[in-house]
Amino acid sequence: MALPLSITLPLPPKPLISDSLALLSEHLPSPFPLLGAIDRSIPIPIKQLVAEAPLNRFFAEAIADGEFDDFAGRRIRLEINGGHPGITFGFWAGRLRVLDGPGEATIRGSLLAFKTLAERRQDPDQLFFQRRLVVEGDTELGLGLKNLLDSLEWDFKLPKLHLF
């Protein structure tokens, strides 16, 4: 006698598992330490070639409206927990530029926290008050950037991150 084929029914949500994985991905160092080594081995001109044009296109309207003028000549670093990978950028001659080295301010958090921020699934202030994102160095500069990004309108969706 043949066994019937299994029927796949929607599985009930398992909040304990999903909440545990979200908590782990939020507080563990980046699960991709190899990315840090790769990031450090890529010359800055290649990073500039890959990142500057999309950044300037994405923020073109805000740049044209002078929204970034207060950041002229300043350096800000966005960094994933654990010190890798990260990007330092500044605003010179009307363009966002990818730079080498540290920033005057560093905004640090997990991959999930930056994804949540980019997709606007949570208020940026909540991410900072919950210490999921941290500003170090010139906090006035870091909070100014956070306020600017919060004031801009965009609809940005990233692919689902499978960290575990």
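Quantities reported herein were computed from a predicted structural model and do not represent experimental measurements.

### Considerations on empty space enclosed by the protein
Counted according to the given criterion, the structure contains two cavities of 30 Å³ or more. Roughly 40 Å³ of internal volume is contained in the second largest cavity. If you trace the second largest cavity, you find it lined by Phe68, Phe71, Arg74, Arg75, Ile76, Phe89, Gly90, Phe91 and Leu96. Listed by contribution, the elements that provide at least two residues to the lining of the second largest cavity are strand 1 (75-80) and strand 2 (86-92). Here the lining of the second largest cavity gets three residues from one element, more than from any other, and that element is strand 2.

### Digging into unusual backbone geometry
The phi angle at alanine 93 is positive, at roughly 50°, despite the residue not being glycine. Counting through the fold element by element, alanine 93 comes out in the loop between strand 2 and strand 3 (95-99). For alanine 93, a relative accessible area of 75% gives the class exposed.

### Focus: the pattern of salt bridges
In a structure, side chains of opposite charge can pair up when their charged atoms sit close to one another. For the coordinates displayed, the defined rule picks out eight salt bridges. The salt bridge involving glutamate 79 is made with arginine 77; its shortest N-O contact spans 2.8 Å. Each member of the pair, glutamate 79 as well as arginine 77, carries the same accessibility label: buried. A salt bridge links glutamate 119 to arginine 121, with the nearest nitrogen and oxygen atoms 2.9 Å apart. We classify arginine 121 as partly exposed; its relative accessible area is 49%.

### Some details on a negative patch on the surface
Among the surface-exposed residues, Glu61, Asp65, Glu67, Asp69 and Asp70 lie close enough to one another that they form a single negatively charged patch. You can see aspartate 65 is positioned in the loop between helix 4 (60-64) and strand 1.

### What about the pairing of strand 4 (residues 105-109)?
The buried fraction of strand 4 amounts to four of the five residues, a majority that puts the element mostly inside the structure. Pairing between strand 1 and strand 4: five bridges, direction parallel. Counted as the bridge partner of isoleucine 80 is glycine 109 from strand 4. When strand 4 meets strand 5 (residues 133-137), the two strands line up antiparallel, connected through five bridges. Considered in strand 5, the bridge of alanine 105 is made with glycine 137.

### Quick word on the nonpolar core
One finds Phe68, Phe71 and Leu96 to be the most contacted residues of the largest nonpolar core, which totals 22 residues. Secondary-structure elements contributing two or more residues to this core are helix 4, strand 1, strand 2, strand 4, helix 5 (111-119), helix 6 (124-129), strand 5 and helix 7 (139-151). Take this core: its biggest share by element is three residues, from helix 7.

### Some words on the pairing of strand 3
Examined bridge by bridge, strand 2 and strand 3 share five bridges and lie antiparallel to one another. Bridged to tryptophan 92 within strand 3 is arginine 95.

Conventions used here
Residues numbered from 1 in each chain as written. Predicted model: local features only at pLDDT ≥ 70, side-chain atom pairs only at ≥ 80, totals over all residues. Heavy atoms only, no water. 1 Å grid on protein atoms, 1.4 Å probe; cavity = no way out; pocket = protein on both sides within 12 Å on 5 of 7 lines; lining within 4 Å. Points joined across faces, edges and corners; volume = space filled by probe spheres on them. Helix = DSSP H or I, 4+ residues; strand = E, 2+ residues; numbered from the N terminus. Buried < 20%, exposed > 50% of the residue type's maximum accessible area, 1.4 Å probe, protein only. Salt bridge = Lys/Arg side-chain N within 4 Å of Asp/Glu carboxyl O. Patch = residues over 30% accessible without salt bridge, like charges linked within 9 Å, V, L, I, M, F, W, Y side chains within 5 Å. Areas by Shrake-Rupley, 256 points an atom, 1.4 Å probe, with all protein chains shown as cover. Lys, Arg positive; Asp, Glu negative; His and termini not counted. Charge placed at Lys NZ, Arg CZ, Asp CG, Glu CD. Pairing = 2+ DSSP bridges. Core = buried A, V, L, I, M, F, W, Y, C linked by side-chain atoms within 4.5 Å.

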